[in-house]
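# An overview of the molecular structure
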Amino acid sequence: MAFRIVSQHLNGVVVIAPDVYEDSRGFFMEAYRADRLQELGLPTEFPQDNHSGSVKGVVRGLHFQWDRPLGKLMRITRGAALLLSVDIRKGSPTFGQWCGIEASAENRYQVWAPPGFARGFCVTSDFAELQYKCTAIYNPQGEGGILWNDPAIGIKWPAENPILSGKDAVAQTLAQWVERPESDIFSYEE
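This text gives an overview of the structure that appears in the document. Computed from a predicted model, the values in this text were never measured in an experiment.

### Looking at the overall build of the protein
A count of helices and strands for the protein gives three helices and 13 strands. The C-alpha atoms of the protein give 16 Å as radius of gyration, which agrees with the globular expectation for 190 residues (16 Å, within 12%). For the protein, the spread of C-alpha atoms along the three principal axes comes to 55 × 40 × 30 Å. For the protein, the proportion of its 190 residues judged to be buried stands at 47%. Counting only carbon and sulfur atoms, one obtains 49% of the accessible surface of the protein, whose full area is about 9,400 Å².

### Observations regarding the pattern of salt bridges
Per the counting criterion, the structure on display carries 10 salt bridges. Across the pair R78 and E129 runs a salt bridge, and its minimum N-O distance is 3.4 Å. In this pair, R78 sits in strand 7 (residues 72–78) while E129 sits in strand 12 (residues 127–134), placing the two residues 51 residues apart along the sequence. Residue classification places E129 among the buried positions, given a relative accessible area of 19%. The salt bridge partner of R89 is D87, with a shortest N-O separation of 2.8 Å. Using a relative accessible area of 9% as the deciding quantity, one classes R89 as buried. Assessed through its relative accessible area of 0%, D87 is described here as buried. Through salt bridges with shared partners, a single network forms among E30, R33 and D35.

### Some details on the sheet that holds strand 2 (residues 13–18)
Backbone-to-backbone hydrogen bonds pair the strands of a sheet. The strands run either parallel or antiparallel. Taken in spatial order, the six strands make up an open sheet running 1-2-10-7-12-5, and their pairing is antiparallel. At either end of the open sheet lies a strand with only one pairing partner, and these are strand 1 (3–9) and strand 5 (48–55). Taken over all neighbouring pairs, the strand axes of this sheet differ in orientation by 25° on average, direction set aside. Pairing geometry for strand 2 and strand 10 (residues 110–113), over three bridges, is antiparallel. Within strand 10, the position partnered with I16 by the bridge is Q110.

### Description of the sheet that holds strand 13 (residues 143–145)
The sheet built from five strands is open, its strands ordered 9-8-11-6-13 with antiparallel pairing. Edge positions in the sheet fall to strand 9 (98–104) and strand 13, since each has one partner strand and no second. Recorded for the sheet is a direction-independent mean angle of 25° between the axes of neighbouring strands. Alignment of strand 6 (residues 59–65) against strand 11 (residues 117–123), held across four bridges, turns out to be antiparallel. Counterpart to V59 in the pairing with strand 11 is C122.

What counts and how
- Residues numbered from 1 in each chain as written.
- Predicted model: local features only at pLDDT ≥ 70, side-chain atom pairs only at ≥ 80, totals over all residues.
- Heavy atoms only, no water.
- Helix = DSSP H or I, 4+ residues; strand = E, 2+ residues; numbered from the N terminus.
- Rg over C-alpha atoms; globule rule 2.2 N^0.38 Å.
- Buried < 20%, exposed > 50% of the residue type's maximum accessible area, 1.4 Å probe, protein only.
- Areas by Shrake-Rupley, 256 points an atom, 1.4 Å probe, with all protein chains shown as cover.
- Salt bridge = Lys/Arg side-chain N within 4 Å of Asp/Glu carboxyl O.
- Pairing = 2+ DSSP bridges.
- Axes fitted to C-alpha atoms, helices over the stretch in contact; angles between N-to-C directions.

This is the structure we're talking about:
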């Protein structure tokens, strides 16, 4: 079975879709296969898998990890959500720009966002489950966040009154992040 690249965004974000075999009994797909991802130029080492569930209107993010930088391969396994990636790499031609991918259990899209991108999502169905593979182990001392509604980024969220965590509601702006010395970890390289 194969994966195909659906689209690419912001010099790093890649949307892939697996081959899916469906019949009257249901479906089968390979959700992850190292050799196929490697053929597409994507990483294959993921020491941590995470799984979250959220109700409609929940916004989580925009999160990143600067100490032990990590990338994420994300997919929705129940419901639907807008998966967001924001380029926070200093010197990048797409710095501060965002892309949003409508992912769902039906379209089976997977979104790869490498280190140097802040990631988040907004649930658009009654309930959604997000599963994602990480290229590094979670390090709470090295995590960071960007304010979900930072006007300098201008994300068009599908929820008018989102449900937020306390931490996400008061996260720093992108401008505040780039003033910190830790932000130099994410420098753009062609």
